[in-house]
Amino acid sequence: MTDDRPAWARRIAAERQARDWSQRDAVRALRAHAPTELPSEDSMIREWKRWESGQTPNDFYQPIIATVFGTVTHALFPAPSRRDGEKEILAASGMETLEIVSRLNRSDVDGATLDALRITTDRLCSEYPFMPSGQLIIEGRQWLRRVVELHTKSLTLAQHREVLALSGWLALLVGCVEYDMGGPARRRVDTPRRPLARH
């Protein structure tokens, strides 16, 4: 059975369980960090159950929950991404995703195609803290497959080096997302997602 709850809901449940807290214990910790008086304990326990089931806490509770678990608000409740990958690729390379994919099927690869792939890889790595894991794993795997297939094309040494680097970044992204989704190698509680910055 798959767990369709948002990543933050799974994480607050996992963080609570890792501390061996009941939901009542979590509410008491929440109360200890709250800047003002909170509703009754029973009311807050019902609220906590809603949060763990996936109902988003409001802006008042989000930073308090993050503090309870020793992190910052956006590490636990990521802000929506403000990046538009299609526009970035189009502005930098003059190509849309469909054209990039069709160019990847050619026997040789030009500089504009590699530029578009760099931007796409950078965008996917930047989306790591924001994009839902299910969507990111699909996109990451698709682009990784496409980039790996470039190894069979006629590439210069510099292009080959770039394709290897892009493959590495995409493989790292896919591995991190698989880990976040509870892959078999996982041995610890979720950690905050941070952008996978390419330099």
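One structure accompanies this document, and this report is about it. (Residues numbered from 1 in each chain as written. Predicted model: local features only at pLDDT ≥ 70, side-chain atom pairs only at ≥ 80, totals over all residues. Heavy atoms only, no water.)

**Brief notes about the packing of helix H1 (residues 7-18) against helix H3 (residues 41-53)**
Pairs of packed helices are described in terms of their axes, by the angle between the two and the distance that separates them.
And then number 1: Where H1 contacts H3, the two axes come as close as 7 Å, and the packing angle between them is 125°. By the angle class used here, H1 and H3 are oblique. Where H1 approaches H3, its residues Trp-8, Ala-9, Ile-12, Ala-13 and Arg-16 are matched on the opposing element by Trp-48, Trp-51 and Glu-52. (Axes fitted to C-alpha atoms, helices over the stretch in contact; angles between N-to-C directions. Helix = DSSP H or I, 4+ residues; strand = E, 2+ residues; numbered from the N terminus. Parallel < 35°, antiparallel > 145°, perpendicular 65-115°, else oblique. Contact = heavy atoms within 4.5 Å.)

**Some thoughts on the pattern of salt bridges**
And then number 1: Applying the stated criterion across every chain yields a total of 12 salt bridges.
And then number 2: We note a salt bridge from Arg-11 to Glu-15, for which the minimum N-O separation is 3.0 Å. Note that Arg-11 and Glu-15 are positioned in helix H1 at a spacing of four residues, about one turn of the helix.
And then number 3: Its relative accessible area of 9% is what places Glu-15 among the buried residues.
And then number 4: One salt bridge connects Arg-118 with Asp-115, and the closest N-O pair in it is separated by 2.2 Å. Separated by three residues within a single helix, Arg-118 and Asp-115 lie in helix H8 (residues 111-126), roughly one turn from each other.
And then number 5: For Arg-118, a relative accessible area of 28% puts it in the partly exposed group.
And then number 6: Overall, Asp-115 belongs to the partly exposed group, its relative accessible area being 33%.
And then number 7: Through salt bridges with shared partners, one network takes in Arg-24, Arg-28, Glu-41 and Asp-42. (Salt bridge = Lys/Arg side-chain N within 4 Å of Asp/Glu carboxyl O. Buried < 20%, exposed > 50% of the residue type's maximum accessible area, 1.4 Å probe, protein only.)

**A closer look at the nonpolar core**
And then number 1: One finds Leu-30, Trp-48, Trp-51 and Ile-65 to be the most contacted residues of the largest nonpolar core, which totals 21 residues.
And then number 2: No other element matches helix H4 (residues 61-68), which puts five residues into this core.
And then number 3: Grouped together as the second largest cluster of nonpolar side chains are 18 residues, Leu-124, Trp-143, Leu-144 and Leu-170 included. (Core = buried A, V, L, I, M, F, W, Y, C linked by side-chain atoms within 4.5 Å.)

**Thoughts on H3**
Given 3.6 residues per turn, any residue in an α-helix points the same way as the ones three and four places further on.
And then number 1: When the terminal C-alpha atoms of H3 are compared, their 18 Å separation across 13 residues agrees well with the 18 Å that a helix rising 1.5 Å per residue should span.
And then number 2: Among the residues making up H3, those that are buried are Met-44, Ile-45, Glu-47, Trp-48, Trp-51 and Glu-52. End-on view of H3: buried residues confined to an arc of 160°, all on one side of the axis.
And then number 3: On the buried face of H3, the contacting elements are H1, helix H2 (23-33) and H4.
And then number 4: Of the residues flanking the end of H3, it is Gly-54, one or two places downstream, whose phi is positive at about 120°. (Expected span 1.5 Å × (residues − 1). Arc of directions from axis to C-beta.)

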